[in-house]
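# A closer look at the structure
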Amino acid sequence: MIILGIESTCDETSAAVVEDGRKILSNVVASSSAMHKKYGGIVPEVAAREQIKVIIPTIDEALQVSGNKYQDLDAIAIAYGPGLIGSLLIGVETARALALAWNKPLIGVNHLVGHIYANWLAPIGISNLPKFPLIALVVSGGHTDLILMKGHGKFKWLGGTRDDSAGEAFDKVARVLGLGYPGGPEIERIARNIKYQMDKFSFENPNIKFPRPMINSKDFDFSFSGLKTAVVDKLSLRSSSLDKLGTTGLRVKSLEFRVKREEIAHEFQEAVTDVLLKKTFAAAKEFGAKSVVVGGGVAANSVLRQRMEDGGSKNNIEVFFPQGRLAVDNGAMIAAAAFYERNFVDPLALRADPGLHF
């Protein structure tokens, strides 16, 4: 079954052609993220205007790269929510029009479900697919959720963030530290530069320690707003910008000294990762999961990947991550989800739903 998947829930515009939910024949992504860097975040109106320009050329390129014509398609899949309403409308209205014009079945896909099914796409081996029941961690700029899956299309939401998502916290902390957008890759980049032995303090007795919000709660909810605020509160900026050494004034227990922002980034990243790991494997243990799958933009973080894999080995659970750039928004994950769920919809009835959840 050959499916054209279309994704336009945020600033990316993507179209992909996928065969049988696993083989990627093409996956074209047009991003306006460079335009948003100067604002330090996504401007919805800017994203939607760019998507109007690029969505048809992106779909044309996806078909050409795949070696298929529209006549060869068995269905069209579209992410109809959640997301930014302007961006959603561009994708949904385009998919509806093409389904009617080309006389093709239309499959509606929950964007969050798409992130989960990114783990079914090649180059994962046929014999090495996630096994049910599984725990899915969706961790992105807009969402942090834990889901129990007992089979394809069988979802039970276990918990999620009560305020900021993990990705949102990364972006906001990066902004406080004077880093670029998106914040996740920037924090990961400078966190690698941490020096484990400083002039007067060792890393084993770190200069700064951030809280791990809700890490010991008995539920599967998250909260990252307080962690973000803890970073801001403990930063005592001597000026409105960081100095040339990339350091900032810091006040802790009435003791002021200089601390490199690499250490702040490292400790913040560790705090987020600690919470995600403990909650995920607690859910896996409680529900007898055979696999853990991780999806969403934060799944690209190498520290999270390594520590999740280590946790999987310790708990005898196989952990899956999307390959390469499949962690971020893309049309291939939408086509994969469509193949396994087969949520056929009437093109005339489908509507964009920015508040859609599991």
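I will try to describe carefully the structure that is included in this document.

Conventions adopted
Residues numbered from 1 in each chain as written. Predicted model: local features only at pLDDT ≥ 70, side-chain atom pairs only at ≥ 80, totals over all residues. Heavy atoms only, no water. Buried < 20%, exposed > 50% of the residue type's maximum accessible area, 1.4 Å probe, protein only. Helix = DSSP H or I, 4+ residues; strand = E, 2+ residues; numbered from the N terminus. Pairing = 2+ DSSP bridges. Right-handed = clockwise from strand over helix to strand, strands pointing away. Contact = heavy atoms within 4.5 Å. Axes fitted to C-alpha atoms, helices over the stretch in contact; angles between N-to-C directions. Salt bridge = Lys/Arg side-chain N within 4 Å of Asp/Glu carboxyl O. Parallel < 35°, antiparallel > 145°, perpendicular 65-115°, else oblique. Polar contact = N/O pair within 3.5 Å; in protein donor to acceptor, adjacent residues only side chain to side chain. Core = buried A, V, L, I, M, F, W, Y, C linked by side-chain atoms within 4.5 Å.

### Here's the deal with the pairing of strand E4 (residues 75–81)
Strand residues, when the strand is regular, have side chains that alternate between the two faces of the sheet. Most of E4 is tucked away, with seven of its seven residues classed as buried. Across four bridges, strand E1 (residues 2–7) lies against E4 in parallel orientation. Bridging from a neighbouring strand, Ile3 pairs with Ala75 of E4. Sheet topology note: the E4/strand E5 (residues 106–110) ladder contains five bridges and is parallel. Looking at E5, one finds that Gly81 is bridged to Asn110. Taken together, E4, helix H3 (residues 85–102) and E5 constitute a β-α-β crossover, and its handedness is right-handed.

### Here we look at the sheet that holds E1
Within the open sheet, the six strands sit side by side as E3-E2-E1-E4-E5-E13. Their pairing is mixed. Unpaired on one side and paired on the other, strand E3 (23–31) and strand E13 (344–345) mark the two borders of the sheet. Each of E1, E4 and E5 touches H3; the most contacted strand, E4, lies at about 155° to it. Of the strands in this sheet, E1, strand E2 (12–19), E3, E4 and E5 touch helix H10 (residues 331–341), which is tilted by about 130° from E1.

### Re the pattern of salt bridges
Per the stated rule, a full pass over the model turns up 14 salt bridges. Between Asp164 and Lys228 there is a salt bridge, and its shortest N-O distance comes to 3.0 Å. Of this pair, Asp164 sits in the loop between strand E8 (154–160) and helix H5 (166–176) while Lys228 sits in helix H7 (residues 225–234), placing them 64 residues apart in sequence. We note that Asp164, like Lys228, is buried.

### Some words on the sheet that holds strand E11 (residues 291–295)
Whether parallel or antiparallel, the strands of a sheet pair through hydrogen bonds between backbone atoms. The mixed open sheet is built from five strands, whose spatial order is E8-E7-E6-E11-E12. Edge positions in the sheet fall to E8 and strand E12 (318–320), since each has one partner strand and no second. In this sheet, neighbouring strand axes are inclined to one another by 20° on average, regardless of whether the strands run parallel or antiparallel. Here helix H8 (residues 261–286) sits on the sheet in contact with strand E6 (134–139), strand E7 (144–151), E8, E11 and E12, set at roughly 155° to E6.

### Concerning the environment of Val319
Looking at the secondary structure, you find Val319 in strand E12. Residues Val319 and Met308, eleven residues apart in the sequence, show an inter-C-alpha distance of 6.9 Å. What Val319 contacts, discounting residues up to four positions off in sequence, is Phe281, Val292, Val294, Met308 and Gly312.

### Side note on the packing of H5 against H8
H8 packs onto H5 with a crossing angle of 170° between their chain directions and a minimal axis gap of 11 Å. Taken together, the axis directions place H5 and H8 in an arrangement best described as roughly antiparallel. Between H5, through Ala166, Ala169, Phe170 and Val173, and H8, the contact on the second element is made entirely by Phe268, Gln269 and Val272.

### Quick word on the side chain of His111
Positionally, His111 belongs in helix H4 (residues 111–117). Looking at His111, its side chain comes within polar contact range of the side chain of Asp329, at 3.4 Å. What His111 contacts, discounting residues up to four positions off in sequence, is Glu7, Thr9, Ala79, Gly81, Pro82, Asp329, Met333 and Ile334.

### A closer look at the nonpolar core
Within soluble globular proteins, side chains that are nonpolar generally end up buried alongside one another. Counting 48 residues, the largest nonpolar core has Ile135, Phe224 and Phe268 as the members making the most contacts within it. Elements that contribute at least two residues to this core include exactly E6, E7, H5, helix H6 (183–191), H7, H8, E11 and helix H9 (302–315). Element by element, the count of residues in this core is highest for H8, at eleven residues. Ignoring any residue separated from it by four or fewer positions in sequence, one finds Phe224 in contact with Thr144, Thr161, Asp163, Asp164, Ser165, Ala166, Ala169, Val272, Val275 and Leu276.

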